Structures are given as C-alpha cells and as structure tokens.
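This is what each chain is made of:
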Amino acid sequence: MSKEYDYEEDFWKNERKELRKDRRIAQKTDRSKYKKTNQAASKVPRPVAGDTKQGRVISISGEGILVHFSGKNYSCSLKGALKKDRSRKKNLLVVGDFVDFLPLNETEGQIVQVQERSSLLERIDISGRKRQLLAANIDTVFITGSVVLPPLKPFLIDRYVIAAKKGNMEPVVLINKIDLLSSSPEEAAVFEEFLSAYKNLTIIPVSCKTGKGIDTVQSLMKKKTSVFSGQSGVGKSSLINKILGLNLPIGEIVYKGKHTTTKAHLIPIGATGFCIDTPGIRSFGLWDLSKQDVLARFSEIRELGLSCKFQNCLHVQEPGCAVKQALEEKTLSPLIYESYTKLLEECDQGRYYT
C-alpha cells in the first residue's frame, strides 16, 4: 500500500482499538441491567447545542484532529457515534471540514458533528473498495505537474480534472520547473504538444527559480480556499513557500513513494483565504467513475461524436466514427485520444489507476 496516507490509517486504527477496549471494560463493569434506570449514565454530561463551536479541521495526525476556532487550535477526538460510521468512506474527516465541536478545556475538544460539505476532493483507495477523502470545502484545485524532473504526466492531470469537476471545484493546472526546458529539447517538445492539446484548460507555467507565473497564482488564491495536489516531487511545497513566503519542509527530487509532505494541512492566508498542501501521490484512482464522466472531460471528443454514424458510438472500434477520422487526419491530438480510451477501458474493467 502507498504510504502517503498511512498517518491517517494509523490514527483511525488506534482509535478503533481504544474504542473496543473501552467497550469491553464498560460491559464488564456495567450493572445497569440489574436496575430499572442507569443512574451512572444520567450523570455523564452531554454536549449542549449552545456549548458547541464551529471550527475548521486544519490537520489530522496520530496525535489527534486539530481544529481551528477564533485564533486558537484545539486537539480534538471524535464523538463515539461518529466513529461507528460504516459507510464506504476510508476516512470520516478530512482537512478543510467545518465541524461542530465541544471545547473540553483551553486546548482540547470533542467533535460532535461534521457540517455539510460544499465541495470535496476524493479518490478511490488502493484496495479499490473505499472512498478516500483528500480535502473539503475547496474553491480551486491547483493540479500541479512538472517538466523534466519528474516528467509531465498528462493522463494524471486528466484524472485530477475529472475529480475536481465532480467535486464542485475549479481545476487550474500548474506546470512547475519550466526553467529546466532550456536544457531538455525533447521535454520542451512534449510540453508544447501538451499546451496545444489541452488548450481548453487553464494552464499556468511556473518556476520557483525564476518566479515566472507566481503573481498569477497569487491573484487566483485571494479570498479563496485552494488545494495543491499532484505527483510526488513536482514541487508543491516549494511553490507554496514561494507564493506565501513560508518555510514548509522541502527536499530533493522525490521518487519511489518518498514524500517531503507527509500529511495534508490547511494554511491560513490573511483573514479570508486558506491553502492546503497535500502529500504527493503515485497514482490517482477516480471514485465512482462513469463513461459520462469521461465524455464530460473531453469536450472535443464529445463534439466530434455528434457527427458519428451511430448515436451511441464510443469512438473505439465503431464504423463511421468521426473521432477516429479526426485522429487519422491529425485534427485531434493523440494525447487527448489516448487518455480518453485509457479511462474508458478502466471504466469497463472497474479499475481506475494510472
């Protein structure tokens, strides 16, 4: 299993162990079955609606869930009822969530309710059976890629674009390290092909070294909550440091699952904006992907398909296909078509990994 979210799995695993231990102890010592009423339970203070506060989850780790409220951070646990959620979500909470919590003292609290989310970035976990929540209540997803080190991965970008739109967020593609193109003519040619093929997306070439594109990204982040996501080693933390003047930990180029950022955390920007830095990933599986989602992503293929011989043409092997004809006539980019067919095939096979 990929290690980028093991911190969260460890957290929930430990919580479940503690819950089972507490239940066994409670069952052994509970004598309420011999009484008409459970007097002990009636003495336990219950959260009162007026006592709860609404905060925002800024990080999740083995030490607890950190909730920000009115300039202070509270280390919180989950109310027992929330832990019993048996849905297909791999994690119940995610960075960016708004929660109702009960302050227990100056530094600790208990989360009693998760507020409805306006948007959600999610993927399918490595087992292929559960949703993995990555960030919530986001306005913009900065889909971060790079050139040369590591090389550009258009297919991974397509998956993020689909996830962003399905989750009610605006996708913006950042291509980092473009200063390296001058020493790599082959990669420069790939980059130009990518820009031509993906012209229907918002793409911003950036460089931490030269500062190119940084002002543009800064303007897009004002008064919004943004999340930086993408492949490991593309320089997400470096970009955030450059844009916000921070000093997040960064390292050398990261390969083979070793990540400088080990957990997602929410960073305040002034009084009204927020930014989330997420761990790098090696694959991005789309949760509940449908053929309609794939067609919605590739508008050029959808429009060409209106001229196909058959109304239900999937543009793979059908006769009289306008999409295949455009590909042969080189009016449709092979990059676009290859990504489309790969995603379509994965829909049929029930696997959604790059």
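So, here is what we can say about the structure in this document.

On to the pattern of salt bridges, then. A complete count under the given rule lists five salt bridges for this structure. The salt bridge partner of Glu106 is Lys72, with a shortest N-O separation of 2.6 Å. Note that Glu106 is positioned in the loop between strand E4 (98–103) and strand E5 (108–114) and Lys72 in strand E3 (residues 72–78), a separation of 34 residues in sequence. The exposure class of Glu106 is exposed, given its relative accessible area of 57%. Taking the relative accessible area as the measure of exposure, Lys72 reaches 29% and is therefore partly exposed. Note that Arg131 and Glu122 form a salt bridge whose closest N and O atoms lie 2.7 Å from each other. By relative accessible area, which is 16% here, Glu122 ends up buried.

Here Asp158 lies in helix H4 (residues 154–166). In sequence terms Asp158 and Ile336 are 178 residues apart; their C-alpha atoms lie 9.2 Å from each other. The contacts of Asp158, once residues within four sequence positions are left out, are Tyr198, Arg297, Phe298 and Ser339. Engagement of the side chain of Asp158 in a polar contact is seen with the side chain of Tyr198, the distance being 2.7 Å. Of the polar contacts made by the side chain of Asp158, one reaches the side chain of Ser339; its length is 2.5 Å.

Let us look at helix H7 (residues 236–244). What H7 keeps buried is the set Lys236, Ser237, Leu239, Ile240, Asn241 and Ile243. Of the residues trailing H7, Gly245 is marked for its positive phi of about 70°.

Turning next to the nonpolar core. Judged by nonpolar contacts, the single largest core of 53 residues is most densely connected at Ile175 and Phe194. Counting only elements with at least two residues in this core, the list comes to strand E7 (131–136), strand E8 (140–146), H4, strand E9 (170–176), helix H5 (185–197), helix H10 (322–328) and helix H11 (334–349). Once residues lying within four places of it in the same chain are set aside, the contact partners of Ile175 are Gly145, Ser146, Val147, Leu152, Ile157, Phe191, Phe194, Ile203, Ile204, Pro205 and Val206. Residues Ile204, Ile243, Leu248 and Ile267 belong to the second largest nonpolar core, which totals 15 residues.

For the rest of this paragraph, the subject is helix H6 (residues 214–221). Looking at H6, one finds that the buried residues are Ile214, Val217 and Met221. Projected onto a plane normal to the axis of H6, the buried residues spread over an arc of 65° and lie on a single side. Just downstream of H6 lies Lys223, where phi reads positive at about 60°.

Inspection of the secondary structure puts Phe101 in strand E4. Its relative accessible area of 0% is what places Phe101 among the buried residues. Spatially, the C-alpha atom of Phe101 lies 4.1 Å from that of Ile111, the residues being 10 residues apart in sequence.

Backbone torsion omega between Leu149 and Pro150 reads -10°, so that peptide bond is classified as cis. Take Pro150: it is sitting in the loop between E8 and H4. We note that Lys330 has phi near 65°; this positive angle belongs to a residue other than glycine. Mapping Lys330 onto the fold places it in the loop between H10 and H11.

On to the packing of aromatic side chains. For the structure shown, the criterion picks out six aromatic pairs. Relative to Phe101, the ring of Tyr74 lies with its centre 5.1 Å away and its plane at 50°, an arrangement referred to as tilted. Taken together, the residues span a long stretch of sequence, with Tyr74 in strand E3 and Phe101 in strand E4 at a distance of 27 residues. When sorted by exposure, Tyr74 lands in the same class as Phe101, which is buried.

Turning our attention to the packing of H6 against H7. Here H6 crosses H7 at 80°, and the two axes come no closer than 10 Å. Classed by the angle they form, the pair H6 and H7 counts as roughly perpendicular. In this structure, H6 uses Ile214, Val217, Gln218 and Met221 to contact H7, whose residues at the interface are Leu239, Lys242, Ile243 and Leu244. A breakdown of the residues in the contact of H6 with H7 according to their chemical character gives six nonpolar, one polar and one charged.

The next subject is the environment of Ile240. Summarising the element assignment, Ile240 is placed in helix H7. Here Ile240 falls in the buried class, since its relative accessible area comes to 1%. For Ile240 and Ile267, which are 27 residues apart along the polypeptide, the C-alpha to C-alpha distance reads 9.8 Å. Apart from the residues within four sequence positions on either side, Ile240 is in contact with Phe228, Gly245, Leu246, Leu248, Ile267, Cys275 and Asp277.

The next thing to look at is the pairing of strand E2 (residues 64–69). Two strands pair when backbone bridges link them, and strand E1 (residues 53–61) and E2 are joined in this way by five bridges, in the antiparallel orientation. The residue of E2 that forms the bridge with Ser61 is Gly64. Between the antiparallel neighbours E1 and E2 lie two residues. In terms of strand pairing, E2 meets E3 through five bridges, oriented antiparallel. Within the sheet, the bridge partner assigned to Val67 lies in E3 and is Tyr74. Joining the antiparallel neighbours E2 and E3 is a turn of two residues, in which Ser70 adopts a positive phi near 50°.

Reading the values: the criteria
- Residues numbered from 1 in each chain as written.
- Predicted model: local features only at pLDDT ≥ 70, side-chain atom pairs only at ≥ 80, totals over all residues.
- Heavy atoms only, no water.
- Salt bridge = Lys/Arg side-chain N within 4 Å of Asp/Glu carboxyl O.
- Helix = DSSP H or I, 4+ residues; strand = E, 2+ residues; numbered from the N terminus.
- Buried < 20%, exposed > 50% of the residue type's maximum accessible area, 1.4 Å probe, protein only.
- Contact = heavy atoms within 4.5 Å.
- Polar contact = N/O pair within 3.5 Å; in protein donor to acceptor, adjacent residues only side chain to side chain.
- Core = buried A, V, L, I, M, F, W, Y, C linked by side-chain atoms within 4.5 Å.
- Arc of directions from axis to C-beta.
- Phe/Tyr/Trp six-rings, centres within 6.5 Å; stacked < 30°, edge-to-face > 60°.
- Axes fitted to C-alpha atoms, helices over the stretch in contact; angles between N-to-C directions.
- Parallel < 35°, antiparallel > 145°, perpendicular 65-115°, else oblique.
- Nonpolar A, V, L, I, M, F, W, Y, C, P; charged D, E, K, R; others polar.
- Pairing = 2+ DSSP bridges.

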